Amino acid sequence: IAIMILTDLKNLRRYECLNKHFTALISYLESNELLAASLGRITVDGDDVFINNICISGVPPESQVLEMHKKYIDIHILLEGYETIGVKSLAQINSFSKEYDEEGDCMISEELADHYINMIPGSILICFPEDAHAPAIGNGVIRKAIAKVVVE
């Protein structure tokens, strides 16, 4: 069963006990404005905690694949626009179009998500390794940050 968490920045500290690296990320988020930051990688704590600050165009749900990671927890932070993220438990996936690639820390399934989460600016979705997710579903420009926190 997937245990992803939907929250916002003001409540994020509730979850820092789940991973020792969450503290560094939360402190960074509380003291830095990601909308004002340059696009690209932001290093918070070496390869243990970093943020991919991006601006992308949304895609229809049938065009987005499910992705899964083993090494990192994905923390999706919507900054501007509207985004839907499809989710499905890894245990419910029957086939993979791309097996796990250790270097890229990703495997892909082209199955459709079981559930869809509508994000608004300020929403934060924490996806653990057992949470397959299909981000960037929507219309128009999506400005977001994806924090990567190493799994303990």
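See the structure shown above.
Scoring rules and cut-offs
- Residues numbered from 1 in each chain as written.
- Predicted model: local features only at pLDDT ≥ 70, side-chain atom pairs only at ≥ 80, totals over all residues.
- Heavy atoms only, no water.
- Pairing = 2+ DSSP bridges.
- Helix = DSSP H or I, 4+ residues; strand = E, 2+ residues; numbered from the N terminus.
- Axes fitted to C-alpha atoms, helices over the stretch in contact; angles between N-to-C directions.
- Contact = heavy atoms within 4.5 Å.
- 1 Å grid on protein atoms, 1.4 Å probe; cavity = no way out; pocket = protein on both sides within 12 Å on 5 of 7 lines; lining within 4 Å.
- Points joined across faces, edges and corners; volume = space filled by probe spheres on them.
- Nonpolar A, V, L, I, M, F, W, Y, C, P; charged D, E, K, R; others polar.
- Phe/Tyr/Trp six-rings, centres within 6.5 Å; stacked < 30°, edge-to-face > 60°.
- Buried < 20%, exposed > 50% of the residue type's maximum accessible area, 1.4 Å probe, protein only.
- Lys NZ or Arg CZ within 6 Å of the ring centre and 35° of its normal.
- Disulfide = S-S within 2.5 Å.
- Arc of directions from axis to C-beta.

Caption draft 1: Broad picture of the sheet that holds strand S1 (residues 5-8). Read from one edge to the other, the open sheet built from six strands follows the order S1-S10-S5-S12-S3-S2, with strand pairing classed as antiparallel. Lying at the two open borders of the sheet, with one neighbouring strand each, are S1 and strand S2 (40-45). Mean inter-strand twist for the sheet, computed between neighbouring axes without regard to direction, equals 25°.

Caption draft 2: Structural detail: the environment of Cys-106. For Cys-106, the location among the structural elements is in strand S8 (residues 106-109). Along the backbone, Cys-106 and Leu-25 are 81 residues apart, and their C-alpha atoms lie at a distance of 21 Å. When residues no more than four places from it in sequence are discounted, the contact partners of Cys-106 are Glu-67, Met-68, His-69, Lys-98, Glu-99, Tyr-100 and Asp-101.

Caption draft 3: Region of interest: the layout of surface pockets. When its volume is computed, the largest pocket comes out at roughly 190 Å³. Taken together, Leu-9, Leu-29, Asn-32, Glu-33, Leu-34, Leu-35, Ile-77, Leu-78, Leu-79, Gly-122 and Ile-124 form the lining of the largest pocket. Sorting elements by how many residues they give to the lining of the largest pocket places strand S5 (residues 72-80) first, with three residues. Of the residues assigned to the lining of the largest pocket, the class counts are eight nonpolar, two polar and one charged.

Caption draft 4: Up close: empty space enclosed by the protein. Overall, the coordinates contain one cavity of 30 Å³ or more when judged by the stated rule. The calculated volume of the largest cavity comes to roughly 30 Å³. Around the largest cavity sit Pro-61, Gln-64, Leu-66, Glu-111, Leu-112, Ala-113, Tyr-116, Ala-134 and Ile-137, which together line it. Residue composition of the lining of the largest cavity, by class: seven nonpolar, one polar and one charged.

Caption draft 5: The packing of aromatic side chains, seen in detail. The final tally for this structure, using the stated rule, is one aromatic pair. Between the aromatic rings of Phe-50 and Tyr-72, the centroid separation amounts to 5.4 Å while the plane-to-plane angle is 75°, which identifies the pairing as edge-to-face. Taken together, the residues span a long stretch of sequence, with Phe-50 in strand S3 (residues 49-57) and Tyr-72 in strand S5 at a distance of 22 residues. Tyr-72 sits in the buried class, given a relative accessible area of 8%. Of note, Arg-41 hangs over the ring of Phe-50, and the distance from its end group to the ring centre comes to 3.7 Å. The ring of Tyr-100 carries the charged tip of Lys-70 above its face, separated from the ring centre by 4.5 Å.

Caption draft 6: Molecular detail of the state of the cysteines. Scanning the entire structure with this criterion turns up zero disulfides. Cysteine Cys-127 is unpaired, with the sulfur of Cys-106 as its nearest cysteine sulfur at 12 Å. Given a relative accessible area of 1%, Cys-127 falls into the buried group.

Caption draft 7: A look at helix H1 (residues 22-31). Of all the residues in H1, the buried ones are Phe-22, Leu-25, Ile-26, Tyr-28 and Leu-29. Buried residues in H1, looked at end-on, bunch into an arc of 160°, giving them a common side.

Caption draft 8: Structural context of the pairing of strand S11 (residues 131-137). Of all the seven residues making up S11, seven are buried; the element is thus mostly covered by neighbouring parts of the structure. Relative to S11, strand S6 (residues 83-89) runs antiparallel, the two sharing five bridges. Residue pairing for S11: Val-87 is matched across the bridge by His-133.

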